[in-house]
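The chain contents come next:
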Amino acid sequence: MDRTITVVGHAAIDLLFDVENIAVHNESHPIINYDQYYGGGAANIAIAIAILGGNAQLISAVGGDFASSGYEAELEKHGVDLSLLYRFPDEKSTRAFVFTDRDHHQSTYFHWGASVKLKELDPHEVDFVHLATSDSAYNAKIAKKASFVSFDPGQDLVTYSKENLESILGNTNILFTNKHEIQRVCDMTGKSFEEILSMIETVVVTYDSSGSKIYNSGKEMTIPVVPVKALDPTGAGDAYRAGFLLAYTRNYSLEACGKIGSTVASFAVQNIGCQTDLPTWDIMKARYEDNFGKFPESN
C-alpha cells in the first residue's frame, strides 16, 4: 500500500491568453486567443501522483465556484483525496491570468482568492507532506506537525518572512528549488549553500534544460532531462516533483527518483497546460527505459 502524499498549496484555474503585444500603461491590444486549464502547483502535483497510481491528498483553500468550474470533479475522477479541502463558499477560487505575446514574452497576474484564508487556519496533522507554493504562515505551521516534510517554496519565496522560512527549513527532509531560488534561500537566511546542505538531508536543484542535481550526504548526482519536443514548460517542475516523491515513498534510490521525476516531466511539457498529458506508472516506465535503460528495482 502506497504511503499517502499530502500536497499543500494552490488549486488554480489558469487562463492563458495569446496577445499581439503585452500592454503597458494606458494601452490596449487585441487578444488573439485564450484557453482555460486546471493548474496550481499543489493540484498539479497531486493529480500527477494520482495518475501515476499513488495515493495523493490535496490541502487547498477553494471558493464557492470550485465545483461549478469542473475542477473538483476532475480531481475526484483521478482519485485525489479532497477530504481536507478548506471550502469558502463566499470566496472565489484561485486563478492565474497569463498573457503571452508573439515573441513569447509573458505577463502574469495571480488572484489568490480563497487561498488568502490559509494563514488564519490551524492545520491538520499529516504524515508525509509536500509544501508547494502556498501561504508561508500555514506552511510553517503544518511543517511542525508532519512526520516527513518536502518543501518547494517556488515563486512564493519572495512572500516568506525569514522567520517562517527558517522554521520550515528546520523541519524539512527534502528541499526542492530551481537555480535562482536556492540562491534566494541562501540570501534570505544568511547561510551558504554548504550550510543549507548540512541542515537538510536531501536538496534537489533544477537547472531548466540542463536537468537537475540531487545533493545527499556529501554526494552530488546529476540527472539529465528526457529530450522531447516541448510546447509548454510550465508544469515541468510540478511533474518532476510528483514522480520524484512517489518514487521516494516507494523506496527507490535517489538517482532513480530523479530520473523518474525527469521522465514524468517530459510528458508534462509536450502539450499546453500542466495536467494535459500526464503518464501512468507503466507508460512512464516505458519512456524511462528508452532513455535510461532497465527500470530499477526499489530497495
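Scoring rules and cut-offs
- Residues numbered from 1 in each chain as written.
- Predicted model: local features only at pLDDT ≥ 70, side-chain atom pairs only at ≥ 80, totals over all residues.
- Heavy atoms only, no water.
- UniProt positions renumbered as here; feature names shortened; annotations may be inferred.
- Helix = DSSP H or I, 4+ residues; strand = E, 2+ residues; numbered from the N terminus.
- Rg over C-alpha atoms; globule rule 2.2 N^0.38 Å.
- Buried < 20%, exposed > 50% of the residue type's maximum accessible area, 1.4 Å probe, protein only.
- Core = buried A, V, L, I, M, F, W, Y, C linked by side-chain atoms within 4.5 Å.
- Contact = heavy atoms within 4.5 Å.
- Pairing = 2+ DSSP bridges.
- Salt bridge = Lys/Arg side-chain N within 4 Å of Asp/Glu carboxyl O.
- Axes fitted to C-alpha atoms, helices over the stretch in contact; angles between N-to-C directions.
- Arc of directions from axis to C-beta.

The name an unreviewed UniProt entry gives the protein chain is Carbohydrate kinase family protein, with Methanolobus mangrovi as the organism. Recorded in UniProt for the protein chain, the comment headed Sequence similarities (unreviewed entry) runs: "Belongs to the carbohydrate kinase PfkB family."

Caption draft 1: Layout of the overall build of the protein chain. Across its full length, the protein chain carries nine helices and 14 strands. Computed over its C-alpha atoms, the radius of gyration of the protein chain comes to 19 Å, within 12% of the 19 Å expected for a compact globule of 299 residues. For the protein chain, the spread of C-alpha atoms along the three principal axes comes to 55 × 45 × 40 Å. Taking all 299 residues of the protein chain together, 55% fall into the buried category.

Caption draft 2: Representation of the nonpolar core in the model. With 55 residues, the main nonpolar core has L58, F244, I260 and W281 as its most contacted residues. In contact with I260, other than residues within four places in its own chain, are G243, A247, Y252, W281, M284, Y288 and F295. Among the nonpolar cores identified, the runner-up in size contains 33 residues, and L121, I182, V185 and V205 belong to it.

Caption draft 3: A look at the pairing of strand β8 (residues 106–111). For strand β7 (residues 95–100) and β8, the ladder comprises six bridges, and the chain directions are antiparallel. Among the inter-strand pairings, F97 is bridged to a residue of β8, identified as Y109. Where β7 folds back on β8, the antiparallel hairpin that results is connected by five residues, among which H104 adopts a positive phi of roughly 70 degrees.

Caption draft 4: The arrangement of the pattern of salt bridges in detail. All told, the structure shown has twelve salt bridges when counted by the stated rule. Note that E74 and K77 form a salt bridge whose closest N and O atoms lie 3.3 Å from each other. Residue E74 and its partner K77 are located together in helix α2 (residues 71–77), separated by three residues, close to a single helical turn. Taking the relative accessible area as the measure of exposure, K77 reaches 59% and is therefore exposed. For D122, the salt bridge is made with K145, and the minimal N-O distance between the two is 3.2 Å. Linking D122 in the loop between β8 and β9 (128–131) with K145 in the loop between α3 (136–143) and β10 (148–151), this pair joins segments that are 23 residues apart in sequence. Under the relative-accessibility criterion, D122 is labelled exposed at 57%. Overall, K145 belongs to the partly exposed group, its relative accessible area being 29%.

Caption draft 5: Representation of the sheet that holds strand β13 (residues 212–216) in the model. As summarised here, the arrangement of the eight strands in space is β4-β1-β9-β10-β11-β12-β13-β14, forming an open sheet in which the pairing is mixed. Both outer strands of the open sheet, β4 (56–59) and β14 (219–223), are each paired with one neighbouring strand and no more. Direction aside, the axes of adjacent strands within the sheet are offset by 20 degrees on average. With respect to the sheet, helix α7 (residues 236–249) is in contact with β1 (5–8), β9, β10, β11 (174–178), β12 (202–206) and β13, its orientation differing from that of β11 by roughly 160 degrees.

Caption draft 6: Helix α5 (residues 179–189), seen in detail. Every buried residue of α5 is accounted for by E181, I182, V185, C186 and T189. One side of α5 carries all its buried residues, which in axial view fall inside an arc of 145 degrees. Relative to its buried face, α5 has exposed residues pointing more than 90 degrees away, namely H180 and D187. Contact partners of the buried residues in α5: α4 (162–169), β11, α6 (193–199) and β12. Count one or two residues on from α5 and you reach G190, which has phi positive near 75 degrees.

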